[in-house]
Amino acid sequence: MALLQISEPGQSTAPHQHRLAAGIDLGTTNSLVATVRSGIADTLPDADGYHLLPSIVHYADEPLVGYAAQKLANSDPLNTIASVKRLMGRGLADIKTTGTRLPYDFVETDAMPMINTAAGKLSPVQISADILQNLKQRAEKSLDGDLTGVVITVPAYFDDAQRQATKDAATLAGLKVLRLLNEPTAAAVAYGLDKNAEGIHAIYDLGGGTFDISILRLQKGVFEVMATAGDSALGGDDFDRLIAEWIMQQAGIAEDAEHQHIRQLLEIARTAKETLSTEDSALLNVKFIGWQGELNQQQFKQLIDPLIQKTIMPCRRALRDAGLTVGDINDVVMVGGSTRMPRVREKVSDFFKCEPHVDIDPDKVVAIGAAIQADILAGNKPDDEMLLLDVTPLSLGIETMGGLVEKIIPRNTTIPVAKAQEFTTFKDGQTAMAVHVVQGERELVTDCRSLARFELRGIPAMVAGSTRIVVTYQVDADGLLSVSATETITGIHSEITVKPSYGLEDQEIERMLKDSLEHAKDDVATRTLREQQVEADRVINALRAALKIDGDRLLKQDEFLTINTALDQLLKLKDGTNAQAIKRSIEKLDEVTKEFAARRMDASISKAMKGHTVNEFMEN
Ligand code: AMP
């Protein structure tokens, strides 16, 4: 049925002026597309009335996406690709080590993983693009026009590489990305939590295969992800397995039952689980052995409580990481099909001591939030409508001498943002500078994540410390980073946009934040030591250069000896671990070379003045 848009004259934009925009939840198992029509956000169904699109693509002549592909998963597993989201922005080596067991024929390469299919070698980006294209077609057919732009949701813990891969997939699908939005933020928007002035919200997302908890803080219209935690291998499927095992025990089915029978048992278990969300008991009918039974609420609760408890532990951890207690949480939002289980709601409510938001379909809530955001970004709302902003999840910094990190954009900075910092050369005559862009909270480069490296060449050869190089870090609305370096005298310039640097585990951000807290004290000590070591190197280099030029001319034998003794002392100490001793040794060297430095200064002034009068200089 075609939808008619009715609006009061002058109160709403005419249909032809309304820019078509959509929100896309690109999920691991299922994807959805939603849009705002006549002020109401909802997901769009396909021609058969299904809103969910299984994130599965089958490759033969033409890519088949969704339910059609799902049907071919058993008969043609190598050409039927599911869960491709787990591969986005990852290297093959990481996929092999992160326990993501995917039964595909991977092409052996060190870079982006590629899968051999009947349609050729395909990257996760290309496969995701096929899913996105399917949703694009669905939206454009249903809205009867071209989409001007979309908002695509990504997990809060996605790093730059994973976000860039998602954007690349959208571009490949012919979609203009208005912005990427964190999934928990989208869920909060769907419930209108962004309309409040401020608040702290927990987004509890229990899907088919994964569990995520995010703690968001809304402050002055900005959602900040304060903490995320979860379990990438815990979801509704585990509940199904548990029930299937229980049925096997009850019905006396051997553990080594045929694969096909196990499949059927899992189906029975899943149906029973979903039935128990609304009924008191569920009938179990195991046809292949002619067994019938029943699962009641009490038995069900006993079975699943330990699994639900497993989701509460990450909730505790997230609260602790955010430095909060349960009492600080204003709202809890439920996301994911498994939050339909009343027992899950009950336990979550018990833990957070508040009733969670459950009114919006937990499968659709993320896509709906994305659609609301897309509608605003496409310009369909009055100007005063609040625009949601995001923040950087981890600090972005630059490597400085001694393998130390100088943070340029601290974590939790509202984006988009641009920040510049001045740097200088370390050695006399230095004509190139290496820029190493890193991400993380730790003080040492080796403890942070390397994002990119580039060089600025052609710096005019000058004395150390006299050139000025401005390094600018710019993060766009999607969290993608461009770094540029400019030498201020010549204007020579070099820049890089951080392209996918593959290889970060799902829980990496969480781990990095935790590590930085745990090592804060050690890190400060290490930083102090490294700074002293760098300063020692600088002083030693400068002194050696000066001694080479003027030592014989300006120093007496005993003075030379005193300086050399102090220099030797510093050389001995500088590779040790006593920062204070290095500092004192630098000060000592400074003291014994003061006179030498003064004589050099005098000598260079008289050299410069040779043949001139003092007055000439005064006039200038
Ligand atoms: P999602 O990945 O968010 O689509 O969630 C899928 C999971 O939600 C599957 O494990 C489903 O069995 C589960 N699920 C869907 N509907 C219900 C329901 N009514 N009761 C319990 N679990 C459900």
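Above this text you will find the structure in question.
Residues numbered from 1 in each chain as written. Predicted model: local features only at pLDDT ≥ 70, side-chain atom pairs only at ≥ 80, totals over all residues. Heavy atoms only, no water.

Caption draft 1: Looking closely at the overall build of the protein chain. Scanning the protein chain for helices and strands turns up 15 helices and 28 strands. The proportion of buried residues among the 620 residues of the protein chain is 48%. Carbon and sulfur atoms make up 50% of the accessible area of the protein chain, which amounts to about 30,500 Å² in all. (Helix = DSSP H or I, 4+ residues; strand = E, 2+ residues; numbered from the N terminus. Buried < 20%, exposed > 50% of the residue type's maximum accessible area, 1.4 Å probe, protein only. Areas by Shrake-Rupley, 256 points an atom, 1.4 Å probe, with all protein chains shown as cover.)

Caption draft 2: Molecular detail of the packing of helix α8 (residues 297–321) against helix α9 (residues 342–352). The contact between α8 and α9 brings their axes to 10 Å, and the two run at 35 degrees. Every pair of crossing elements has a handedness; the one defined by α8 and α9 is right-handed. Seen from α8, the contacting residues are K301, I304, D305, I308, I312, C315, R316 and L319; seen from α9, they are R343, V344, K347, F351 and F352. Classifying every residue of the contact of α8 with α9 gives eight nonpolar, no polar and five charged. (Axes fitted to C-alpha atoms, helices over the stretch in contact; angles between N-to-C directions. Left-handed = near helix turned anticlockwise from the far one by under 90°. Contact = heavy atoms within 4.5 Å. Nonpolar A, V, L, I, M, F, W, Y, C, P; charged D, E, K, R; others polar.)

Caption draft 3: Quick peek at the sheet that holds strand β8 (residues 106–107). What the three strands build is an open sheet, ordered β8-β9-β10; its pairing is antiparallel. Among the strands making up the open sheet, the edge pair consists of β8 and β10 (120–122). Two strands pair when backbone bridges link them, and strand β9 (residues 114–117) and β10 are joined in this way by three bridges, in the antiparallel orientation. The residue of β10 that forms the bridge with N116 is K121. (Pairing = 2+ DSSP bridges.)

Caption draft 4: Focus on the site of the ligand. Taken together, 15 residues sit near the ligand, with G208, K273, E274, S277 and G337 positioned nearest. Take S277: an N or O atom from its side chain is 2.6 Å from a nitrogen atom of the ligand. Residue G337 places a main-chain N or O atom 2.9 Å away from an oxygen atom belonging to the ligand. Protein contacts shield 85% of the accessible area of the ligand, which totals 500 Å² for the unbound molecule. (Near = heavy atom within 4 Å. Polar contact = N/O pair within 3.5 Å; in protein donor to acceptor, adjacent residues only side chain to side chain.)

Caption draft 5: Representation of the sheet that holds strand β23 (residues 417–423). One open sheet holds the four strands; their spatial order is β23-β26-β27-β28, and the pairing between them is antiparallel. The open sheet has two edge strands, β23 and β28 (493–497), and neither has a second partner. Sheet twist, expressed as the mean angle between neighbouring strand axes with direction ignored, is 15 degrees. Note that strand β27 (residues 481–487) and β28 share five bridges and pair antiparallel. In the strand pairing of β28, S484 is matched with E495.

Caption draft 6: Spatial organisation of helix α10 (residues 365–377). In a regular helix each residue adds 1.5 Å, so 13 residues correspond to 18 Å; α10 covers 19 Å between its end C-alpha atoms and thus fits that length. Along α10, eleven of the 13 residues are buried, which leaves the element largely enclosed by surrounding structure. The complete set of buried residues in α10 reads V365, V366, A367, I368, G369, A370, A371, Q373, A374, D375 and I376. Taken from the residues just after α10, G379 is the one with a positive phi, measuring 90 degrees. (Expected span 1.5 Å × (residues − 1).)

Caption draft 7: The arrangement of the pattern of salt bridges in detail. All told, the structure shown has 27 salt bridges when counted by the stated rule. For E224, the salt bridge goes to R217, with nearest N and O atoms at 3.0 Å. You can call E224 buried: its relative accessible area is 10%. In this structure R217 comes out as partly exposed when scored by relative accessible area, which is 26%. In this structure, R468 engages E422 in a salt bridge whose closest nitrogen and oxygen atoms are separated by 3.5 Å. Pair noted here: R468 is in the loop between β25 (449–457) and β26 (469–475) and E422 is in strand β23, with a separation of 46 residues, a long-range link. Through salt bridges with shared partners, one network takes in E406, E443, R527 and E531. (Salt bridge = Lys/Arg side-chain N within 4 Å of Asp/Glu carboxyl O.)

Caption draft 8: Main features of unusual backbone geometry. Of note in the backbone geometry, D144 takes a positive phi value of approximately 60 degrees without being a glycine. Turning to its location among the elements, D144 is positioned in the loop between α3 (124–143) and β11 (149–154). Look at D144 and you get exposed, because its relative accessible area is 68%. Of note in this structure, K353 is not a glycine but carries a positive phi near 55 degrees. Relative to the elements of secondary structure, K353 occurs in the loop between α9 and α10.

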